[in-house]
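A look at the structure
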Amino acid sequence: MNADVSPVNSANAPSESEEALPGAAENGPTGERPEAAYLLGLADDAMVYAQRLSEWMTNAPQIEEDMALGNIALDLLGQARALYPYIGSIDGTGRGEDDYAMLRDERDWRNVHLVEQERGDFADEMARLLWFSAYQVELHTALTGSSDDVVVGVAGKALKEVRYHLDHASLWVVRLGDGTAESHRRMKAALERVQPHLAELFDDDDASVTAAELGVGVLPSSLHDGVVARVRRVVQEATLTLPDASPWRSRGGRAGIHSRPMGYLLAEMQHIARSHPGATW
Amino acid sequence: MYGNDVIDPNVPLNAAETAAYDEAAAHVEGRAVGEASQGGFDALIAADQRIEPRDAMPEKYRETLIRQIAQHAHSEIIGMQPEGNWITRAPSLRRKAILIAKVQDEAGHGLYLYSAAETLGVDRAELLDRLHDGKQKYSSIFNYPTLTWADCGAIGWLVDGAAIMNQVPLCRCSYGPYARAMIRVCKEESFHQRQGFEILWTLMRGTEAQQAMAQDAADRWWWPALAMFGPPDTGEAAKGGGHTEQSMAWGIKRFANDDLRQKFVDMMVPQADKLGIVLPDPDLRWNEERGHYDFGEIDWDEFWRVLRGDGPCNAERIEHRRSAHEEGAWVREAATAYAAKQASRRQESAA
Amino acid sequence: MSGASTPPAEPATDTATPAAATAAGTVAGTVADTVADTPQAPPERSWPLWEVFVRGKRGLSHVHAGSLHAPDALFALRNARDVYTRRQEGVSIWVVRADDITASSPDEKDSFFDPAADKIYRHPTFYDVPDDVEYL
């Protein structure tokens, strides 16, 4: 970790490298590698969703479910923690996990809007988890073929985890959809509410294109059909249908343009670390 | 100990009770010499054997256990809250992961304990209802707020430390399922206390503000932690008619509240010194003659006041728990409805 | 709970089998009494109770670990994973509905188990053989 790098300067590093070095040599003059920006998107998705899922602890519908959602949150947190130090080693900043998690401002986060949305009811969470874990299953399956050994390692471990998450979400979506009239209504509404935040998962932003060209990452658009097929099967079994595309859709998370809940999420997550600059915990 | 209060002599025997009667009669006749493990409740207790779920047992024993195990389970579940509300604010990712795992453990401990209570023929939903209705208590310690990050350290170090002191003897409790649940719980608790100590240890070696935070947390949690062992039950207080004597005779409780409290103080004072934390008790000093630390008077008025509902967080804790439960009702119903549909579908396809 | 001291399944309700219901006859009424002070509205019924058995590692039997509630077998298995194997305590899990366990009951205890007590010739130590015979 490089203590000399101030958070403000260092936080800009990923986007700078993304613009300065598209398609450039794998190692820039300062050791910056262009795929860092792409990996930051993956890490931030996992980090922010872990934060949201952890809010379920003490709030789940059954105590067993507190534990299950806690486990999923821990898996995602582990994925983020595996990626951040590696990103720090290739984006030229040398930052550690807490520099990324605790000291970046909203505009420097690269996660999609889906994961930052506020916690809704249990159906909302299962709709989000179904889509996100289906996406992660496709993503990490593809990333096990990455040209980067570290990414292959992270993806291999994550794949086992996210298959379980998908399984968990699927069981619940089926039970809520095919349960009582009320649960059916709620599950249907939840699938509609999550809909506007899905397209963003499959946007081919600059960082993804670069990473895909380097063989490190995959084009998000290439994951779309596989993810939808996985989700569709579950939704059908749940006696529901996938809602039509909504008139609006979220955009910009990968470029640091976030929705209203993100600032509050960061305020809560970061305030202690930021109140005590330089402190160790 | 002889006599068997399972059989009420005023209730006429019927055929279904014959076996139990024979057992009791055999026991009274003293036939059970050398066969303690085959004998009735009292013989099993006398031989320090475990009572298992479907053994005959005195009603009071069963009631006491249901109350105690349920209260213990409720404490774990309510105990998720004070630390749970720091998960989203943990100051580092390492601490966040530890805290999630710890709160998960508490949920797990609650589940182990509810399942032990259920072996006594009571349903978990009923126990939760009694918690939500205020008919059953949980440890009063969780009616205090967690004001700063250091409170997560103080809870691990002091509250979990006191809990372990209370719980280790319960691994030898006379009721088998409770004892086995406690073995699992205690194994997991020691991680909790160590992580609490580590939080404080890190804070005490940190900035001035961090040190002050740690000291403040210890100041607020020390006395409530001492009160966790329960009201005095030795010496004069032993004549007060508490539960201790009967619970000890039944092997549900192995040590008196006061003895465990003294052991706790003796263990914690050197640890506080090591941390550099000053325990908030001017009367705390080593007593050479007793071979123990003397400590000041616990504010039992406060203890009873908080226990009876007038603590800083009583209403908040129950409200949180109750609303999570109520908001989850439609989810639980949906899963039940789906299971019923699946069962009837299976029947139809089999037909 | 782990280790050899763990007994076989304890169906967690006293009414798991008809035999159990009669065996518990002396105490069943008392349970109902202690529960009688619960509210008027029909209380929510818990999801069914499942007993959980965990194989600690390859080569060992599944051992009773505890119980939990789940709406169906799939969730019972998954809940068991989260509740009883968070620290790598298992490589395989069985779950079984507590209601489906038939257990011997205390009032059958004497006739079930005592008759084995005098068959000491079933144990190798019963036999007198010379000390200097190997592999026996």
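The model shown is predicted, which means the values in this text are computed figures rather than measured ones. (Residues numbered from 1 in each chain as written. Chains lettered and ligands numbered in written order. Predicted model: local features only at pLDDT ≥ 70, side-chain atom pairs only at ≥ 80, totals over all residues. Heavy atoms only, no water.)

Here we look at the overall build of chain B
To be explicit about the condition: Secondary structure counts use DSSP, requiring at least four H or I residues in a row for a helix and at least two E residues in a row for a strand, with both numbered from the N terminus. Throughout, a residue-residue contact means that at least one pair of heavy atoms, one from each residue, lies within 4.5 Å. Here the open area of atoms and residues is found with the Shrake-Rupley method and a 1.4 Å probe, where only the protein chains shown may cover a residue.
When helices and strands are counted, chain B shows 14 helices and 2 strands. Considering only contacts in chain B between residues 6 or more positions apart, those separated by 24 or more positions represent 78%. Carbon and sulfur atoms make up 52% of the accessible area of chain B, which totals about 14,600 Å².

A word on the nonpolar core
As a reminder of what qualifies: To define a nonpolar core, start from buried Ala, Val, Leu, Ile, Met, Phe, Trp, Tyr and Cys residues and group those joined through side-chain atoms within 4.5 Å. Note on exposure labels: buried denotes an accessible area under 20% of the residue type's maximum, exposed denotes more than 50%, and partly exposed covers the range between, all computed with a 1.4 Å probe on protein chains only. As annotated, the domain borders come from an automatic or database domain assignment.
One finds Tyr84(A), Leu176(A), Trp149(B), Tyr175(B) and Phe264(B) to be the most contacted residues of the largest nonpolar core, which totals 196 residues. The residues that make up this core include at least three from each of domain 1 (15-311) and domain 2 (312-350) of chain B. Setting aside its immediate chain neighbours within four residues, Tyr84(A) contacts Leu40(A), Ala43(A), Asp44(A), Met47(A), Arg95(A), Glu97(A), Tyr100(A), Arg104(A), Trp109(A) and Leu93(B).

Regarding the interface of chain C and chain A
Operational definition: Here the quantity called buried area is the total loss of accessible area, with a 1.4 Å probe, experienced by two parts when brought into contact, counted for both. Salt-bridge detection follows one rule: a side-chain nitrogen of Lys or Arg within 4 Å of a carboxyl oxygen of Asp or Glu. As used in this structure description, the phrase polar contact means that two N or O atoms lie within 3.5 Å; if the pair is within protein, one of them must be able to donate a hydrogen and the other to accept it, and residues adjacent in sequence are counted only when both atoms belong to side chains.
The interface is formed by 12 residues belonging to chain C together with 11 residues belonging to chain A. For the pairing of chain C and chain A, the buried interface totals around 1,300 Å² over both sides, and the portion due to carbon and sulfur atoms is 59%. If you sort the residues of chain C by the area they bury against chain A, Phe75(C), Arg78(C) and Asp82(C) come out on top, with a joint share of 43%. Counting across the interface, chain C meets chain A through 2 salt bridges. Summed over the shared surface of chain C and chain A, the result is 5 residue pairs in polar contact (both at pLDDT 80 or more).

Notes on the side chain of Gln136(B)
Along the chain, Gln136(B) falls in the loop between α6 (124-132) and α7 (150-167). If we skip the residues at most four places from it in the chain, Gln136(B) touches Arg67(B), Ala70(B), His74(B), Leu127(B), Arg130(B) and Leu131(B).

Comments concerning the interface of chain A and chain B
Counting from both sides, the interface comprises 48 residues of chain A and, opposite them, 45 residues of chain B. Summed over both partners, the interface of chain A with chain B buries about 4,000 Å², with 68% contributed by carbon and sulfur atoms. When the buried surface of chain A facing chain B is broken down by residue, Thr58(A), Ile63(A) and Trp281(A) rank first, second and third, together holding 20% of it. The tally of links from chain A across to chain B stands at 3 salt bridges. A salt bridge links Arg124(B) to Glu64(A), with the nearest nitrogen and oxygen atoms 2.5 Å apart. On the surface where chain A and chain B come into contact, there are 15 residue pairs in polar contact (both at pLDDT 80 or more). Of all elements in the fold, only α2 (36-54), α3 (63-90), α4 (97-102), α6 (122-143), α7 (149-177), α8 (181-194) and α11 (260-275) of chain A reach the threshold of two or more residues within the side of chain A that touches chain B. With 11 residues, the top contributor of residues to the side of chain A that touches chain B is α3(A).

Some points on the packing of α7(B) against helix α8 (residues 176-204) of chain B
Residue and element names in this part refer to chain B. Short version of the rule: To obtain an axis, a line is fitted to C-alpha atoms, over the contacting stretch when the element is a helix, and the angle between two such axes runs from 0 to 180 degrees between their N-to-C directions. By convention the crossing between two helices is left-handed if the near helix lies anticlockwise of the far one by an angle smaller than a right angle, and right-handed if it lies clockwise. As a working rule, the residues Ala, Val, Leu, Ile, Met, Phe, Trp, Tyr, Cys and Pro are called nonpolar, Asp, Glu, Lys and Arg charged, and the rest polar, with Gly in that last group.
One way to put it is that α7 packs onto α8 with a least axis distance of 7 Å and a crossing angle of 145 degrees. In terms of crossing hand, the pair formed by α7 and α8 is left-handed. Among the residues making up the contact of α7 with α8, the classes are represented as 12 nonpolar, 9 polar and 2 charged.

Some remarks on the domain arrangement of chain B
All names here are of chain B. The assigned domain composition of chain B is domain 1 (15-311) and domain 2 (312-350). Taking the mean C-alpha position of each, domain 1 and domain 2 sit 29 Å from one another. Contact residues are listed per partner, giving 16 residues for domain 1 and 10 residues for domain 2. Roughly 1,300 Å² is buried in total at the junction of domain 1 and domain 2, and carbon and sulfur atoms are behind 56% of that figure. In terms of surface lost to domain 2, no three residues of domain 1 exceed Gln81, His132 and Gly311, which account for 45% of the buried area on that side. Counting across the domain 1 and domain 2 interface gives 0 salt bridges. Seen at the junction of domain 1 and domain 2, the total is 10 residue pairs in polar contact (both at pLDDT 80 or more). Going through the elements one at a time, α3 (59-78), α4 (80-84) and α6 are the ones with two or more residues in the side of domain 1 that touches domain 2. Top element by residues in the side of domain 1 that touches domain 2 is α6. It accounts for 3 residues. Classifying every residue of the side of domain 1 that touches domain 2 gives 10 nonpolar, 5 polar and 1 charged.

Looking at the sheet that holds strand β3 (residues 92-97) of chain C
Residues and elements named next belong to chain C. Rules: Whether two strands pair comes down to DSSP finding at least two bridges between them.
Reading across the sheet, the 3 strands line up as β2-β1-β3 and stay open at both edges, with antiparallel pairing between neighbours. Each end of this open sheet is capped by a strand with a single partner; those strands are β2 (62-69) and β3. Taking the axes of each pair of neighbouring strands and ignoring which way they run, one obtains an average angle of 25 degrees across the sheet. Here 6 bridges tie strand β1 (residues 49-55) to β3, and the two strands are oriented antiparallel to one another. If you follow valine 52 over to β3, its bridge partner there is valine 95.

Observations concerning the pattern of salt bridges
Under the definition given, this model contains 45 salt bridges over all chains. Asp99(C) is the salt-bridge partner of Arg97(C), the closest N and O atoms lying 3.5 Å from each other. Look at Arg97(C) and you get partly exposed, because its relative accessible area is 29%. Several salt bridges share partner residues, and in doing so they unite Asp121(A), Glu182(A), Arg185(A) and Arg186(A) into one network.

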